[in-house]
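# Structural features, examined
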Amino acid sequence: MIQSLSIRRPDDWHLHLRDGAMLAAVLPHSARHFARAIVMPNLVPPVVTGVDARAYRNRILAALPEGMTFTPLMTLYLTEETDPEDVAAAHANGLISAVKLYPAGATTNSASGVRDFDKVRPVLERMAVIGLPLCVHGEVTDPAVDIFDREAMFIDRVLDPLRRATPGLRVVMEHVTTSDAVAYVSAHERDLAATITTHHLVINRNHILAGGIRPHYYCLPVAKREEHRLALRLAATSGDARFFLGTDSAPHTDPLKQGACGCAGCFTAPNTLSILAHVFEEEGALNNLEGFTSLHGPAFYGLPPNETHITLTKGAPVAYPAKIKTGDGPVTVFDPGFALHWRVT
Ligand code: NCD
Ligand code: ZN
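Residues numbered from 1 in each chain as written. Chains lettered and ligands numbered in written order. Predicted model: local features only at pLDDT ≥ 70, side-chain atom pairs only at ≥ 80, totals over all residues. Heavy atoms only, no water.

Moving on to the coordination of the zinc ion (ligand 2). Around the zinc ion (ligand 2), the protein contributes the donor atoms His14 (NE2), His16 (NE2) and Asp248 (OD), at 2.0 Å from the metal centre. Its relative accessible area of 7% is what places His16 among the buried residues. (Donors = N, O, S within 2.8 Å, 3.2 Å for Na, K, Ca; no water. Buried < 20%, exposed > 50% of the residue type's maximum accessible area, 1.4 Å probe, protein only.)

See below:
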């Protein structure tokens with residue numbers, strides 16, 4: 001039985017670091033284990049221009065505690081006003097690694113997202129030419145569509161037409177939650193990948209709704225039926241390079257999570273790697289953990305894997321805080337519902 005595992009240092013290909021006091025509190029939890037992260041641009045106001053991205057990157061680096069190393073990989077928030085020239089310039093000087101597409105109204109701080117996809121066509125075409133990936137929040141926002149169907153519907157109504165209309169555009173379907181998304185990604189050899197979160201490998205919709213409403217399991221895209229969770233586990237642990245880790249660790253303070261209209265997001269940064277090792281061990285796939293956390297993502301983004309390694313060791317239950325303190329208030333850490341035995345040593 002494997003009790004210790006050395007893997008290249010992981011990266012997080014979808015992370016919310018926020019800003020100000022929250023940034024200062026959550027950043028060390030990611031930097032402790034991860035070398036790099038694709039940083040989501042859904043601040044208020046969002047990170048829309050190269051100038052915004054440079055300023056935000058500087059704030060992240062300034063918030064990094066002494067002695068820690070961490071490389072934020074910046075993204076721009078795509079709006080109907082985004083200038084293709086600004087995107088191309090930010091890419092050319094190495095400032096950004098991707099552009100993020102939020103359909104307007106799909107999730108937290110997405111009001112400035114895209115309503116009319118024809119308006120962003122020039123940006124997408126430019127991105128296809130320069131090879132800059134588009135990270136996609138894949139949910140339709142049509143209020144008539146059931147929330148549990150919004151991802152599957154997005155593939156047919158938006159994603160597939162968009163990819164056909166923009167040959168060569170490299171797309172990451174982010175935080176996939178359905179067997180439909182796994183099947184769509186699996187069916188395409190080129191220019192398409194998906195990130196999978198830690199929490200979607202652990203919870204299904206019963207965790208949110210059965211036996212009481214549990215706001216700390218509410219995130220977007222919302223967790224689906226058990227059959228979908230199992231499809232995600234198969235994809236993540238399969239060794240297929242089109243699937244890689246994007247934790248979507250998304251901190252909100254307890255009052256914002258627990259109100260009458262609670263925010264979406266699970267905060268998984270502190271215990272993600274312990275949970276992932278547990279899941280991969282359960283699936284008999286510890287040998288594929290490194291691919292998922294540390295190799296497939298860099299390969300898709302055209303970056304070298306990290307040179308340094310981390311060691312995961314199995315032993316007595318791992319202690320982690322139920323909540324962390326932030327200048328904005330307490331943030332609850334994701335509770336996988338089982339004891340964790342893998343620790344990063
Ligand atoms: C994210 C957030 O809080 O910014 N929330 C979430 O539930 N994942 C936004 C997002 O990625 O959809
Ligand atoms: Zn997210």
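Still more to cover.
Another aspect to go through is the packing of aromatic side chains. The final tally for this structure, using the stated rule, is eight aromatic pairs. A ring pair is formed by Trp13 and Phe244, whose centres lie 6.3 Å apart and whose planes are at 75 degrees; its orientation type is edge-to-face. Placement of Trp13 in strand β2 (residues 12–15) and of Phe244 in strand β9 (residues 243–245) is noted, with a sequence separation of 231 residues between them. The residues Trp13 and Phe244 share a single accessibility class, namely buried. Consider the rings of Trp13 and Tyr301, whose centres lie 4.8 Å apart with planes at 10 degrees: the pair is stacked. Taken together, the residues Trp13 in strand β2 and Tyr301 in helix α11 (residues 289–301) connect sequence positions 288 residues apart. An aromatic cluster is defined as three or more aromatic residues linked by ring pairs; in this entry it consists of Trp13, Phe244, Phe300 and Tyr301. The lysine or arginine in question, Arg170, covers the ring of Phe300, its NZ or CZ lying 4.0 Å from the ring centre. For Arg205, the ring lying beneath its charged end belongs to Phe148, and the centroid distance is 4.5 Å. (Phe/Tyr/Trp six-rings, centres within 6.5 Å; stacked < 30°, edge-to-face > 60°. Helix = DSSP H or I, 4+ residues; strand = E, 2+ residues; numbered from the N terminus. Lys NZ or Arg CZ within 6 Å of the ring centre and 35° of its normal.)

Counting residues in each nonpolar core, the largest one holds 91 residues, and the members touching the most others are Leu17, Ile96 and Leu134. The contacts of Leu134, once residues within four sequence positions are left out, are Leu78, Val99, Leu101, Leu124, Met127, Leu162, Leu169, Arg170, Val171 and Val172. Formed by 13 residues, the second largest nonpolar core is a distinct cluster that contains Met40, Tyr77, Val172 and Phe244. (Core = buried A, V, L, I, M, F, W, Y, C linked by side-chain atoms within 4.5 Å. Contact = heavy atoms within 4.5 Å.)

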